[in-house]
Amino acid sequence: MEATKSVSIVMCTYNGERYIREQLDSIIAQTYPLKELIIQDDGSTDHTVDICKEYATRYPFIQVYVNEQNKGLDENFESATMRTTGDFVALSDQDDIWYPEKISKQVAAIGEHDICFSCYDRGPDREHSVFVRQQYQLEALLFAGFAGHTMLLRGDFARTHDHWAMARRIPFMHYDWSLAIYAQLGHGIIRLEEALNLHRYNPSSAIAQELKKDQHVAAYVPYLHGLHEYRRMQRRPEYRYLYIQIRDHASQDFQPLAHKMSSLMLKPGIIALLRLGSLCCRHRSTIYWNDGAKGFMGAVRSFFYPLIFAYNNKKFYKG
């Protein structure tokens, strides 16, 4: 394929020496020519920066920056992305492995969309992985985003600070969720139905530790305590900011389902909640990942999805 559009890669690092060489090698091995790889480290105390600088001496398109003070995940990705100059921007974790045609296939598919993303394999290696197919319609994005490491973004969209704004204001939201919402309120998103990278499971990561804790929670607990958390969440200004933004940018003619659901999420009372649950159940095929809402129990889970969402997000805010 003729390379007519330039691509920048953004990788944010923090104590990633264990896996980073494999990820750098997989980026270098992309079949699509890359304009630049921006690496921005957030205060690593291991040899991550040394490894990145070693690669930069061998590959001139690699640029390494080290933050003077820790920025955290979201601010680090945002500020690193503002350094890019490519027509497109791809976001990279430090411990994944990209398959050789990841960028080539995404550039070919993105068209006029703001984001093209792909499915991915998740596990310790490709042979022992599960296939992950995330949802991306705006009604799904009311409850969760999808992985930043799967995204290729239009450069002008990625370098607009406003598109990162929700992650700055909402404690339970990360940058990729904010980007996805603004893309669906703009020129939209397209998904590739094949896995284009391995998202390696790292048992020592913060996310893995949280998931490990959640494994010990009985299945009935979110249903039992979800209503309390949902009502509590509705009173939070950050929660109201999120759904007011979506409601006011959508309409009966543009993203009508998300407009209706976000309006219900702002209303107090059991009637609004029952109507919301009914919509989640009816449209569960575009809300759940990996077709997880099939069958009778899938219908039950989808009806109670707003409560499950509220329960799972209680750890992301105070008060």
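Cut-offs and rules
- In this numbering scheme, every chain counts its residues from 1 along its sequence in written order.
- It should be noted that, the model being predicted, local features are given only for residues of pLDDT at least 70 and side-chain atom pairs only at 80 or more, the latter also being counted only at that level, while totals for whole chains, interfaces and linings use all residues.
- The side-chain values count all of the structure's non-hydrogen atoms but skip hydrogen atoms and water molecules.
- By convention in this document, the label disulfide applies to cysteine sulfur atom pairs within 2.5 Å.
- Burial classification: accessible surface area is computed with a 1.4 Å probe over protein chains only, and a residue below 20% of its type maximum counts as buried, one above 50% as exposed, and the rest as partly exposed.
- Working convention: axes come from line fits to C-alpha atoms, limited for helices to the stretch in contact. Angles between N-to-C directions cover 0 to 180 degrees.
- Under the scheme used here, helices are H or I runs from DSSP no shorter than 4 residues and strands are E runs no shorter than 2 residues, and both carry numbers assigned from the N terminus.
- Residue contacts are defined here by distance: any two heavy atoms, one from each residue, within 4.5 Å place the two residues in contact.
- Asp, Glu, Lys and Arg are counted as charged, while Ala, Val, Leu, Ile, Met, Phe, Trp, Tyr, Cys and Pro are counted as nonpolar; the rest, among them Gly, fall into the polar class.
- To pair, rings of Phe, Tyr and Trp, with the six-membered ring standing in for Trp, must have centres within 6.5 Å; the planes then decide the type, stacked if under 30 degrees apart, edge-to-face if over 60, and tilted in the middle.
- Charges are assigned to positions over rings by a cutoff of 6 Å between ring centre and Lys NZ or Arg CZ, combined with an angular limit of 35 degrees from the ring normal.
- Think of it this way: DSSP has to see at least two bridges between two strands before they count as a pair.
- The term salt bridge refers to a side-chain nitrogen of Lys or Arg lying within 4 Å of a carboxyl oxygen of Asp or Glu.

> Looking at this structure, how should I read the state of the cysteines?
Disulfide: a covalent bond formed between the sulfur atoms of two cysteine residues. Taken as a whole and judged by the stated rule, the model has zero disulfides. In this model Cys280 remains outside any disulfide bridge; the closest cysteine sulfur is found in Cys281, 8.7 Å from its own. With relative accessibility at 1%, the residue Cys280 sits in the buried group.

> Hey, could you run me through the packing of helix α14 (residues 295-303) against helix α15 (residues 305-312) in this one?
Each packed pair of helices is defined by two parameters, the angle between the axes and the distance between the axes. At their nearest, the axes of α14 and α15 sit 4 Å apart, and the two run at 65° to each other. Contact residues: α14 offers Arg301, Ser302 and Phe303, while α15 offers Tyr305, Pro306 and Ile308. Looking at the contact of α14 with α15 residue by residue, the class counts come to four nonpolar, one polar and one charged.

> Before we go on, may I ask you to explain helix α4 (residues 102-110) in this structure?
Given 3.6 residues to a turn, an α-helix orients residues that are three or four positions apart in the same direction. Every buried residue of α4 is listed here: Lys102, Ile103, Ser104, Gln106, Val107 and Ile110. Packing partners of the buried residues in α4 comprise β1 (7-13), β4 (88-92), β5 (97-98), β6 (115-123), β8 (151-154) and β9 (189-200).

> When you look at the packing of aromatic side chains in this model, what are you seeing that I'm missing?
Evaluated as defined, the whole model comprises eleven aromatic pairs. Each ring, one from Tyr223 and one from Phe304, has its centre 5.5 Å from the other, and the planes form 75°; the classification is edge-to-face. Of this pair, Tyr223 sits in helix α10 (residues 221-234) while Phe304 sits in the loop between α14 and α15, and the two are 81 residues apart along the sequence. Look at Phe303 and Phe304: their rings are 5.2 Å apart centre to centre, the planes differ by 80°, and that puts the pair in the edge-to-face class. Seen from the ring of Tyr55, Arg58 lies directly overhead, with NZ or CZ sitting 4.6 Å from the centre. Taking NZ or CZ as reference, Lys102 lies 4.2 Å from the ring centre of Trp98, over its face.

> Sorry if this is basic, but what is going on with unusual backbone geometry here?
In most cases, non-glycine residues show a negative phi, while peptide bonds are predominantly trans. Phi is positive for Asn15, close to 50°, though the residue is something other than glycine. Looking at the element boundaries, Asn15 is found in the loop between β1 and α1 (20-28). Since its relative accessible area comes to 31%, Asn15 is described here as partly exposed. Residues other than glycine seldom take positive phi values, yet Gln255 does so here, at roughly 55°. Looking at the secondary structure, you find Gln255 in the loop between α11 (237-249) and α12 (256-266).

> How should the pairing of β8 be read in this particular structure?
Side chains on a regular strand alternate between the two faces of the sheet. Here β8 shows a buried face lined by Met151 and Leu153 and a second buried face lined by Leu152 and Arg154. Two strands pair when backbone bridges link them, and β4 and β8 are joined in this way by three bridges, in the antiparallel orientation. Within the sheet, the bridge partner assigned to Val89 lies in β8 and is Leu153. Note that β6 and β8 share three bridges and pair antiparallel. In the strand pairing of β8, Ile115 is matched with Leu153.

> What exactly am I supposed to notice about the pattern of salt bridges here?
What the rule picks out here adds up to 13 salt bridges. Notably, a salt bridge pairs Glu54 with Arg58, separated by 3.3 Å at the nearest N-O pair. Residue Glu54 and its partner Arg58 are located together in helix α2 (residues 48-58), separated by four residues, close to a single helical turn. Classification of Arg58 as partly exposed rests on a relative accessible area of 45%. Residue Lys105 pairs with Glu101 through a salt bridge whose shortest N-O separation is 3.5 Å. The exposure class of Lys105 is partly exposed, given its relative accessible area of 29%.

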